[in-house]
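Spelled out, the chains give:
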Amino acid sequence: MDAQRPLYLDYMATTPVDPRVAARMSECLTRDGAFGNPASATHTYGADASALVETARAQVAALVNADPREIVWTSGATEADNLAIKGAAWFHENRGRHIVTSRTEHKAVIDTCRWLERRGWTVTWLEPGADGRVEAEQVRDALTAETIVVAIMHVNNEIGVINDIAAIGEVCRAHGCQFHVDAAQSAGKLPLDLQRLPVDTMAFSAHKTYGPKGAGALFVRREPRARLEALIHGGGHERGLRSGTLATHQAVGMGEAFRIAAAEMPEEQRRILALRERFATALSKLPGVHLNGHPTERVAGNLNLSFAGVHGDALLLALRDLALSTGSACNSAAGAPSYVLRALGRSDALANASIRFSFGRWTTEAEVDHAATRVAEAVDRLRALSPLWGDTAIDTARKVAS
Ligand SMILES: Cc1ncc(COP(=O)(O)O)c(C=O)c1O
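Residues numbered from 1 in each chain as written. Predicted model: local features only at pLDDT ≥ 70, side-chain atom pairs only at ≥ 80, totals over all residues. Heavy atoms only, no water.

1. What to know about the sheet that holds strand S10 (residues 302–307)
Whenever strands of a sheet pair, they do so through backbone hydrogen bonds, lying parallel or antiparallel.
Right, so step 1: Across the sheet, which stays open at both edges, the three strands sit in the order S9-S10-S12 with antiparallel pairing between neighbours. Each end of this open sheet is capped by a strand with a single partner; those strands are strand S9 (289–291) and strand S12 (354–358). Strand-to-strand twist in this sheet, taken as the mean axis angle between neighbours without regard to direction, amounts to 30 degrees.
Right, so step 2: Here S9 runs beside S10; their pairing, made up of three bridges, is antiparallel. The residue bridging Leu291 from the neighbouring strand is Leu305, located in S10.
Right, so step 3: The strands that helix H7 (residues 248–283) touches are S10 and S12; relative to S10, the one it contacts most, it runs at about 15 degrees. (Pairing = 2+ DSSP bridges. Helix = DSSP H or I, 4+ residues; strand = E, 2+ residues; numbered from the N terminus. Axes fitted to C-alpha atoms, helices over the stretch in contact; angles between N-to-C directions. Contact = heavy atoms within 4.5 Å.)

Below, the structure written as structure tokens:
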């Protein structure tokens, strides 16, 4: 634990770059390294950079069992989501203009779909169940002859819940529409086998997996071929799907991060799950604590809890020595109750009382013990001051908890 800085428990917002990744990246920047333009075909500087980018592409592909030719570099998952959804919408617009997605997607998907909605596409917004999952039957019921793309995320960034993308993908295959999956929060945390999964496009982000910010990729299936219009035009890089000089250091960083994830994921996820369970057990004595999202179908590193009678912002303030968030980093600034928790049917009061705890590569047992003690103290203290937390509320919460 670093006494100078708050204890970092916000690994779903972003992760520190692994020092092994940073070391590889720094080899691609200066005069003595692979600084060349990977598209320079006339000299060894270009060839060296290009070789590194292609090794990195193979490393990204290997984590998800894809063909390296199916990986398109982007600036992150946001761009990958935009390319997959707008790209499919434009390519297929003569076939139909209907999109299916869910209310609990990341803003990168939601705002992309809203943008298309304003331009004449019809969007069906699925409501997840109270456990936060979108079911394949819901997708099947929403499909029409006009549907050209379905976008459902693998793991939710606020509540960590895992959707059954294999089942949803089967439904899309049978219907003949493209299936896009935002896997920013699952790559490196869950096994992904794109040779078997019926997914057409999949978005990845490097910085959720101990790689650099501003780096990501889109998987674009070759067989059966996913069809997309490019959004960024220029030198025709990335098979014409995404022009722009490749950022060698970013690609190399993402490749190394995904290589490490492939090698260490099973052991790392077991360790992180044990930490989460230790933390949850320590907090289980506290009444009025509600788990948001499915109890078991969730990634190891996430625990999203609502503390009845306490406002999440007040709790964050009381816990300034812990780096936490009330939801997604992108939404925290909005100040509104989490749209994800509201879509699950949580009341505004409970949605406002939520905190996302996320654990990662450098979280230790001592840290989770310390965090649990601090959270329990702060919740007790705030409840003692809260008019929302009178005797009746305590009795009810105790009954619910027992
Ligand atoms: C599920 C999900 N999708 C997309 C993104 C955006 O990723 P990036 O920051 O790489 O653009 C994030 C990260 O905030 C995310 O959690």
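Text resumes after the structure shown.
2. Considerations on a positive patch on the surface
Right, so step 1: A surface patch of like charges, here positive, comprises Arg222, Arg225, Arg227 and Arg239.
Right, so step 2: With respect to the helices and strands, Arg222 occurs in the loop between strand S8 (216–220) and H7.
Right, so step 3: Look at Arg222 and you get partly exposed, because its relative accessible area is 36%. (Patch = residues over 30% accessible without salt bridge, like charges linked within 9 Å, V, L, I, M, F, W, Y side chains within 5 Å. Areas by Shrake-Rupley, 256 points an atom, 1.4 Å probe, with all protein chains shown as cover. Salt bridge = Lys/Arg side-chain N within 4 Å of Asp/Glu carboxyl O. Lys, Arg positive; Asp, Glu negative; His and termini not counted. Charge placed at Lys NZ, Arg CZ, Asp CG, Glu CD. Buried < 20%, exposed > 50% of the residue type's maximum accessible area, 1.4 Å probe, protein only.)

3. What to know about the site of the ligand
Right, so step 1: Thr78, Asp182, Ser205, His207 and Lys208 are the nearest of the 13 residues found near the ligand.
Right, so step 2: Between the ligand and Ala77 there is a distance of 2.9 Å, counted from an oxygen atom to a backbone nitrogen or oxygen.
Right, so step 3: One of the side-chain nitrogen or oxygen atoms of Asp182 is found 2.6 Å away from a nitrogen atom of the ligand.
Right, so step 4: Sort the elements by how many residues they give to the shell around the ligand and helix H3 (residues 77–91) lands first, with three residues.
Right, so step 5: Taken together, the residues of the shell around the ligand sort by class into three nonpolar, seven polar and three charged. (Near = heavy atom within 4 Å. Polar contact = N/O pair within 3.5 Å; in protein donor to acceptor, adjacent residues only side chain to side chain. Nonpolar A, V, L, I, M, F, W, Y, C, P; charged D, E, K, R; others polar.)

4. Concerning the pattern of salt bridges
Right, so step 1: What the rule picks out here adds up to 23 salt bridges.
Right, so step 2: With a shortest N-O distance of 3.3 Å, Arg114 and Asp111 are connected by a salt bridge. Highlighted residues: Arg114 and Asp111, both in helix H4 (residues 107–118), separated by three residues, approximately one helical turn.
Right, so step 3: One salt bridge connects Glu256 with Arg259, and the closest N-O pair in it is separated by 3.0 Å. You can see Glu256 and its partner Arg259 sitting in helix H7, three residues apart, about one turn around the helix.
Right, so step 4: Here Glu256 falls in the buried class, since its relative accessible area comes to 6%.
Right, so step 5: Members of the salt-bridge network, linked through shared partners, are Asp18, Arg20, Glu264, Glu268 and Arg361.

5. Describing the domain arrangement of the chain
Right, so step 1: We note that the domain assignment places domain 1 (7–13 + 265–401) and domain 2 (19–261) within the chain.
Right, so step 2: The centre of domain 1, based on its C-alpha atoms, is set 30 Å off from the matching centre of domain 2.
Right, so step 3: If you look at the interface, domain 1 gives 28 residues, while domain 2 gives 33 residues.
Right, so step 4: On the domain 1 side of the contact with domain 2, Met265, Tyr339 and Arg361 bury the most area, a combined 25% of that side's loss.
Right, so step 5: Linking domain 1 to domain 2 there are one salt bridge.
Right, so step 6: The closest approach of N and O atoms between Glu297 and Arg133, which form a salt bridge, is 3.7 Å.
Right, so step 7: Where domain 1 meets domain 2, there are 15 residue pairs in polar contact (both at pLDDT 80 or more).
Right, so step 8: Secondary-structure elements contributing two or more residues to the side of domain 1 that touches domain 2 are H7, S10, helix H9 (329–332) and helix H10 (339–343).
Right, so step 9: A breakdown of the residues in the side of domain 1 that touches domain 2 according to their chemical character gives twelve nonpolar, eleven polar and five charged. (Domains from an automatic or database assignment. Buried area = accessible area lost by both parts, 1.4 Å probe.)

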